[in-house]
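Coordinate inspection notes
Listed below, chain by chain, are the residues.
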Amino acid sequence: DTGVSQNPRHKITKRGQNVTFRCDPISEHNRLYWYRQTLGQGPEFLTYFQNEAQLEKSRLLSDRFSAERPKGSFSTLEIQRTEQGDSAMYLCASSPPPDGYTFGSGTRLTVV
Amino acid sequence: GNSVTQMEGPVTLSEEAFLTINCTYTATGYPSLFWYVQYPGEGLQLLLKATKADDKGSNKGFEATYRKETTSFHLEKGSVQVSDSAVYFCARGTSGGSYIPTFGRGTSLIVHP
């Protein structure tokens with residue numbers, strides 16, 4: 001296991017289309033986080049899972065966004081009806097208890 | 001509230017200069033503290049961490065000391081290299097029952113030859 005893997009690395013989509021990103025965490029990590037990062041900003045929290053349970057969601061996560069972690073392993077983040085404001089880097093991180101966060105390389109989304 | 005504040009960049013230095021990037025935090029209790037580095041087009045990489053007061057994290061010549069009395073975790077390096085040019089993020093770990101890490105806005109470091 002070499003770390004947190006995110007796919008795809010880049011996604012260009014037309015406004016109004018749906019997109020889905022995948023994150024494969026480090027296998028023994030029980031917590032998984034999604035963050036969004038725009039240019040010149042730090043990562044902004046979107047949501048996190050402990051095992052398969054989604055425990056918290058940010059108000060940044062509008063009803064067009066949904067995340068799942070069905071078996072407590074990989075996670076998907078779906079954005080429906082994309083808007084230009086959704087263009088950002090989407091970062092996934094996983095964490096063992098009690099602390100420490102390993103990030104993937106991110107998925108850069110461009111909505112045109 | 002719980003937050004992390006970093007000095008604004010960019011910080012521009014000549015090679016071999018001394019680096020300080022300030023970071024202060026607010027939190028309930030004594031969370032773990034982290035510095036992450038991000039190179040262009042990449043995700044965040046853990047640079048160093050400290051898990052309790054007075055701990056010093058260190059890696060690749062960078063150091064930061066967990067100062068409870070000033071709620072600070074300033075990043076330092078004695079002699080920077082061009083290859084250190086990147087964006088540096090200070091982060092606070094779990095605090096007050098929340099398992100959500102909080103990141104600062106990042107400080108861009110530019111090192112000239």
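A brief structural summary. (Residues numbered from 1 in each chain as written. Chains lettered and ligands numbered in written order. Predicted model: local features only at pLDDT ≥ 70, side-chain atom pairs only at ≥ 80, totals over all residues. Heavy atoms only, no water.)

1. Concerning the interface of chain B and chain A
Filter applied, for reference: Should any heavy atoms of two residues lie within 4.5 Å, those residues are counted as being in contact. Here the quantity called buried area is the accessible surface, traced with a 1.4 Å probe, that two parts lose on coming together, added over both. Just to be clear on terms, a salt bridge is a Lys or Arg side-chain nitrogen sitting within 4 Å of an Asp or Glu carboxyl oxygen. Think of a polar contact as two N or O atoms within 3.5 Å of one another; within protein, one of them needs to be a possible hydrogen donor and the other a possible acceptor, and neighboring residues in sequence only count if both atoms come from side chains.
Contact with chain B, which involves 17 residues of that partner, is made by 21 residues of chain A. Summed over both sides, the interface of chain B with chain A buries roughly 1600 Å², with 53% coming from carbon and sulfur. The tally of links from chain B across to chain A stands at zero salt bridges. Where chain B packs against chain A, one counts six residue pairs in polar contact (both at pLDDT 80 or more).

2. Details of unusual backbone geometry
Note the cut-off: Helix and strand assignments come from DSSP, with helices taken as H or I runs of at least 4 residues and strands as E runs of at least 2, each series counted from the N terminus.
Residue A:Pro8 is bonded to the preceding A:Asn7 through a cis peptide linkage, with omega at -10 degrees. Note on placement: A:Pro8 falls in the loop between strand E1 (5-7) and strand E2 (10-13). Cis geometry marks the peptide bond from B:Gly9 to B:Pro10, where omega comes out at 0 degrees. Inspection of the secondary structure assignment puts B:Pro10 in the loop between strand E1 (3-6) and strand E2 (11-14). We note that B:Glu16 has phi near 80 degrees; this positive angle belongs to a residue other than glycine. On the secondary structure map, B:Glu16 appears in the loop between E2 and strand E3 (19-21). Unlike most non-glycine residues, B:Lys60 shows phi in positive territory, near 55 degrees.

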